[in-house]
Amino acid sequence: MTNEQPGEPLGYGVVANVCRETAHGEGGLEIRQGLKHFGPGAKLWIAPPRWHPRGNAVVVGRHRGGGRRYVTLVTRIRFLENFRVRAVHSPALLRALSHPEPGFEQDGGLWTAEQARAFAAFHTSHRLEVRTDGPDRIDALVSDPPPMELVHQDTVYHLAHFNAYVARYSSQPPPVETPTP
């Protein structure tokens, strides 16, 4: 792909920033500044998923240690914020998105403008993975804080617990407290 006119974008991508504080460990109780490879607020370009990502994304950005070279890594989407669509003007960035590090099976590297807008809008409002007590696995994300009820295949699930990672739902309604006289 060549850039025939100066200033004309090579394509579109989804951009996000690394969260200032990221929750790790059991229940999200260990708080870190940014990520191991990317500092807090670092600008990352998200490659379009080529497999079912289950909360992960292939990202391209400049490493925390400095340097001008782009690096490609897989990270959890929950560690990213401020999703938006931006035009790609840099041929080096286009190469990094199109030809990731060895081991990443991927081609293309750019989103259509419509796909990018839909992905950014969805991940701006949906932050927590859903888990249920039933045999059905619900592959979804919900907002933070999560809704009190979730309906899936005619079953109503009630919020039982949530933390920095997951919203857990139960098919059993919450217990009703009887007022004391």
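Residues numbered from 1 in each chain as written. Predicted model: local features only at pLDDT ≥ 70, side-chain atom pairs only at ≥ 80, totals over all residues. Heavy atoms only, no water.

**Here's the deal with the confidence of the model for the chain**
We apply this condition: The pLDDT score gives, residue by residue, the confidence of the prediction method on a 0 to 100 scale. Here a helix means four or more residues in a row that DSSP labels H or I, a strand means two or more in a row labelled E, and each is numbered from the N terminus. Residue contacts follow a heavy-atom distance rule, with two residues in contact if any of their heavy atoms lie within 4.5 Å.
When the pLDDT values of the chain are averaged, the result is 81; 87% of them are 70 or greater. Element-level pLDDT for the chain is lowest in strand 2 (residues 21-24), with a mean of 76, against a maximum mean of 92 in strand 4 (residues 43-46). The low-confidence segment residues 1-5 (pLDDT under 50) makes five contacts with residues lying over four places distant or belonging to another chain.

**Some words on the pattern of salt bridges**
So the rule is basically this: Should a side-chain nitrogen of Lys or Arg be within 4 Å of a carboxyl oxygen of Asp or Glu, the pair is scored as a salt bridge. For the exposure calls, accessible area comes from a 1.4 Å probe over protein chains only, and a residue counts as buried if that area is under 20% of its type's maximum, exposed if over 50%, partly exposed in between.
Summed over the entire model, instances satisfying the criterion amount to one salt bridge. The salt bridge involving Arg76 is made with Glu129; its shortest N-O contact spans 2.3 Å. Placement of the pair is Arg76 in strand 6 (residues 70-76) and Glu129 in strand 8 (residues 128-132), with a sequence separation of 53 residues. Look at Arg76 and you get partly exposed, because its relative accessible area is 22%.

**Structural notes on unusual backbone geometry**
Here Asn82, not a glycine, exhibits a phi torsion of approximately 60°, which is positive. Within the secondary structure layout, Asn82 lies in strand 7 (residues 80-88). Using a relative accessible area of 47% as the deciding quantity, one classes Asn82 as partly exposed. In the Ramachandran plot, Asp154 falls in the positive-phi region, its phi being about 65° despite a non-glycine side chain. Accessibility expressed as a relative area gives 80% for Asp154, which makes it exposed.

**Looking at the sheet that holds strand 10 (residues 149-152)**
We count it as follows: Paired strands are those between which DSSP finds at least two bridges.
The sheet built from five strands is open, its strands ordered 9-8-12-11-10 with mixed pairing. Among the strands making up the open sheet, the edge pair consists of strand 9 (141-142) and strand 10. Note that strand 8 and strand 12 (residues 166-170) share four bridges and pair parallel. Looking across to strand 12, one finds that Thr132 is bridged to Tyr169.

**What to know about the nonpolar core**
Nonpolar side chains tend toward joint burial in soluble globular proteins. Note the threshold: Side-chain atoms within 4.5 Å link the members of a nonpolar core, which is a set of buried Ala, Val, Leu, Ile, Met, Phe, Trp, Tyr and Cys residues.
Of all hydrophobic cores here, the largest spans 19 residues; its most connected members are Ile46, Leu80 and Phe83. Discounting residues that sit within four places of it in the chain, Phe83 has contacts with Val14, Val15, Ala16, Ile46, Ile77, Phe119, Ala120, His123, Thr124 and Arg127. In terms of nonpolar packing, the next biggest core, distinct from the first, is built from twelve residues, Trp45, Val60, Val88 and Leu97 among them.

**Topic: helix 1 (residues 91-98)**
Test applied: Pairing of N or O atoms within 3.5 Å defines a polar contact, subject to two protein rules: one partner must be a possible hydrogen donor and the other a possible acceptor, and residues neighboring in sequence count only if both atoms are side-chain atoms.
Those residues of helix 1 that sit buried are Leu93, Leu94, Ala96, Leu97 and Ser98. Against the buried residues of helix 1 lie strand 4, strand 5 (56-62), strand 6 and strand 7. The opening residue of helix 1, the one whose side-chain oxygen lies 3.2 Å from the backbone nitrogen of Ala92, is Ser90.

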